[in-house]
Amino acid sequence: MKKIIIFLSTVVSIIGCSKQDYFEIPTNADGSVYLTTISTTVSTGISSLDDAFTVTATLPNAKAGDVMNVELLQLQIPESGGTTKQLLPMAGTLKTVTVGSDLKASVSYSRTDAKLVNVGDYVTVIFSGKTDYAKQRVDLVPASSATKPKVGDKEIDVARTSETAYFNVSVAPKAESFSGTLIAKRKNGKNDAWVTIPGPFTGTQPFKIPISGTDFAAGKDTMFYAFSATSGSFTDEITTSVIVRDPYFYLKKSTTLTLGGASAGNNLLINAGVAETDSKAIIAVSGSLILKGGPTWLAAGNSISFVPSSLATYEANNSVKIIAEFNAGTPATTADPLSGNGIYIYKIVNGPAASDVYYGMVKITNAIPNTSVAFEYRIGDQYAHLSVIK
């Protein structure tokens, strides 16, 4: 036991006298720790209408005048063979650039040098030197983009009506603004011939490309579209398709009318609760839960009328059939939420123009006797309504 104690004491003494190794920490002139940051890169990018791109690296650990090697890497089959592509240097792309006083270095490559042919192709740009390193992936992206069909700022499903909606198509190369003409084509079926949509589509963007339900032939529900733009020797083309549907009510909302309060009425166009006597109270309750037009709104020459309907009709949401059902019925100026199944077709006349006539449906969801009535409603059977209904 005594020998063991002596041995341990000797080991502790040796360890205690050993010199510890420490790494020197770089400091500034004032003795504070010198902290470096990570390199960053930015790129102009490249679109299908551009012929070159530039990448700029900020190299905080380099010094002005340092020389950096720059090279492009791309997925390739190794020279050793195989079937799996690897990210490897591209022959003929090695360049040298000098770090500036702002610790930045820039390099440019042509689309041909980078072998960027199809949208989705990409290269990785590598900066490397004795003092720093940076990399940036550059993808070849479409120059064009298109929204779904829109009426104003609202995207819609195109209906088989004579009204017109519009694709909003933008062409935005990376290098400079597009000043050419967009060519728009359509075909009503995969095997049909492409038909050019009359333009011209040039100047102010986005370009408005029309689409109407009457463009679709009977029995053909799908229309294919192609939008192409050309700049120099490059052409960009994007495609999309649209499935037309039977006419429908574009919007569904819900509200609650409360007897005797600030929300005894509702402006159905913007779904805003108002007093029953408000000039915008298109629908209201007064004294009972019977639905009718607000008295002030009615006095201005407006009207609302109701025809009972069914849940199946409400859920089918076919505005042509619903309007026909209304016209075949016997309209009344009131609707009892507690009568029948609580589902009604309505017709609102809110002014002298054809676009001031609104059809829709009401589905009662809850009614508390002598207190309130809650309902869903469909509204908006014309594209023109979408600029009014909120």
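Q: Could you give me a rundown of the overall build of the protein chain, with the residues and numbers involved?
A: Assigned secondary structure in the protein chain consists of four helices and 27 strands. Relative to the 2.2 N^0.38 estimate, which gives 21 Å for 390 residues, the radius of gyration of the protein chain is 35 Å and therefore markedly larger than a compact globule would have. Over its C-alpha atoms, taken along the principal directions, the protein chain stretches across nearly 105 × 75 × 45 Å. Within the span of the protein chain, comprising 390 residues, buried residues form 39% of the whole.

Q: Break down the sheet that holds strand S25 (residues 343–349) for me, citing the residues and quoting the values.
A: Pairing in this open sheet of five strands is antiparallel, and the strands run S20-S27-S26-S25-S24 from one edge to the other. Looking along the sheet, the strands with just one partner apiece sit at the ends: strand S20 (251–258) and strand S24 (303–308). The average undirected angle you get between the axes of adjacent strands in this sheet is 30°.

Q: How would you sum up the nonpolar core? Please name residues and give values.
A: Ranked by size, the top nonpolar core spans 30 residues in total, and within it Phe167, Leu182, Ile209, Ile211, Tyr225, Phe227 and Tyr383 carry the most contacts. Going through the elements one at a time, strand S13 (164–171), strand S14 (181–187), strand S17 (207–212), strand S18 (222–231) and strand S19 (234–243) are the ones with two or more residues in this core. Ignoring any residue separated from it by four or fewer positions in sequence, one finds Phe227 in contact with Ala146, Phe167, Val169, Leu182, Ile183, Ala184, Ile209, Asp236, Glu237, Ile238 and Thr240. The next biggest cluster of nonpolar side chains, apart from the first, holds 25 residues, and it includes Trp297, Tyr358, Ile364 and Ile379.

Q: A description of the packing of aromatic side chains should follow, citing residues and the corresponding values.
A: Inspection of every chain in the model, using the stated rule, returns nine aromatic pairs. Judged by centre distance (6.1 Å) and plane angle (35°), the ring pair of Phe53 and Tyr109 falls under tilted. In this pair, Phe53 is assigned in strand S3 (residues 52–58) and Tyr109 in strand S7 (residues 104–110), connecting sequence segments 56 residues apart. On the basis of relative accessibility, which here comes to 1%, the residue Phe53 falls in the buried class.

Q: Quick one: what's the story with the pairing of S7, residue by residue and with numbers?
A: Where burial is concerned, the two faces of S7 differ: the one with Ala105, Val107 and Tyr109 is buried and the one with Lys104, Ser106, Ser108 and Ser110 is not. Where S3 meets S7, seven bridges bridge the pair, whose relative direction is antiparallel. The partner of Thr56 across the bridge, within S7, is Ser106.

Q: Let's hear about the environment of Thr96: which residues, and what values?
A: Here Thr96 shows up in strand S6 (residues 95–98). Along the sequence, Thr96 and Ile368 sit 272 residues apart, while their C-alpha atoms lie 80 Å from each other. Sequence-distant contacts of Thr96, that is, excluding residues within four places in its chain, are made with Val67, Met68 and Asn69.

Q: Can you tell me about the environment of Val171, naming the residues and giving the values?
A: Looking at the element boundaries, Val171 is found in strand S13. Judged by relative accessible area, Val171 falls into the buried class, the value being 3%. Sequence spacing of Val171 and Ala146 is 25 residues, and the spatial spacing of their C-alpha atoms is 9.0 Å. Those residues within four positions of Val171 in sequence are excluded, and the remaining contacts are Leu49, Ala143, Ser144, Phe178, Leu182, Gln205, Phe207 and Ala229.

Q: Before we move on, can you summarise the side chain of Arg378 with the specific residues and values?
A: Inspection of the secondary structure assignment puts Arg378 in strand S27 (residues 372–379). There is a polar contact of 3.0 Å between the side chain of Arg378 and the backbone oxygen of Tyr314. In contact with Arg378, not counting residues within four places along its chain, are Phe249, Leu251, Lys252, Tyr314, Glu315, Asn317, Tyr346, Tyr359, Gly360 and Met361.

Q: Give a description of the pattern of salt bridges that names residues and reports values.
A: Going through the model one piece at a time under the given rule, you end up with seven salt bridges. Of the charged contacts in the structure, one is a salt bridge between Asp157 and Arg245, with a shortest N-O distance of 3.6 Å. Remark: Arg245 occurs in the loop between S19 and S20 and Asp157 occurs in the loop between strand S12 (154–155) and S13; sequence separation between them is 88 residues. Note that Asp215 and Arg186 form a salt bridge whose closest N and O atoms lie 3.6 Å from each other. Taken together, the residues Asp215 in the loop between S17 and S18 and Arg186 in strand S14 connect sequence positions 29 residues apart. Exposure remark for Arg186: the relative accessible area of 21% places this residue in the partly exposed category.

Q: Can you lay out the environment of Lys63 for me, pointing to particular residues and giving the numbers?
A: Checked against the element boundaries, Lys63 lands in the loop between S3 and strand S4 (67–76). The exposure class of Lys63 is exposed, given its relative accessible area of 54%. Along the primary structure Lys63 and Tyr383 are separated by 320 residues, whereas in three dimensions their C-alpha atoms are 63 Å apart. Non-local contacts of Lys63, meaning those with residues more than four positions away in its chain, are made with Val99 and Leu103.

Q: How would you sum up the sheet that holds strand S1 (residues 40–43)? Please name residues and give values.
A: Here we have three strands laid out as an open sheet, ordered S1-S3-S7, and antiparallel in their pairing. Lying at the two open borders of the sheet, with one neighbouring strand each, are S1 and S7. Averaged over all adjacent pairs, the angle separating strand axes in this sheet is 20°, with direction ignored.

Q: Quick one: what's the story with unusual backbone geometry, residue by residue and with numbers?
A: Glycine aside, negative phi is the norm for most residues, and most peptide bonds take the trans geometry. With an omega of 0°, the peptide bond between Gly199 and Pro200 qualifies as cis. Examined against the element boundaries, Pro200 turns out to sit in the loop between strand S15 (195–196) and strand S16 (201–202). For the bond from Gln205 to Pro206, the omega torsion is 0°, close enough to zero to count as cis. Along the chain, the position of Pro206 falls in the loop between S16 and S17. Not every positive phi belongs to a glycine, and Asn317 is a case in point at roughly 55°. Summarising the element assignment, Asn317 is placed in the loop between helix H3 (311–316) and helix H4 (319–328). In this structure, Asn370 is a non-glycine residue whose phi angle is positive, near 65°. Following the sequence through the fold, Asn370 ends up in the loop between strand S26 (357–368) and S27. Residue classification places Asn370 among the exposed residues on the basis of a relative accessible area of 69%.

Thresholds applied
- Residues numbered from 1 in each chain as written.
- Predicted model: local features only at pLDDT ≥ 70, side-chain atom pairs only at ≥ 80, totals over all residues.
- Heavy atoms only, no water.
- Helix = DSSP H or I, 4+ residues; strand = E, 2+ residues; numbered from the N terminus.
- Rg over C-alpha atoms; globule rule 2.2 N^0.38 Å.
- Buried < 20%, exposed > 50% of the residue type's maximum accessible area, 1.4 Å probe, protein only.
- Pairing = 2+ DSSP bridges.
- Axes fitted to C-alpha atoms, helices over the stretch in contact; angles between N-to-C directions.
- Core = buried A, V, L, I, M, F, W, Y, C linked by side-chain atoms within 4.5 Å.
- Contact = heavy atoms within 4.5 Å.
- Phe/Tyr/Trp six-rings, centres within 6.5 Å; stacked < 30°, edge-to-face > 60°.
- Polar contact = N/O pair within 3.5 Å; in protein donor to acceptor, adjacent residues only side chain to side chain.
- Salt bridge = Lys/Arg side-chain N within 4 Å of Asp/Glu carboxyl O.

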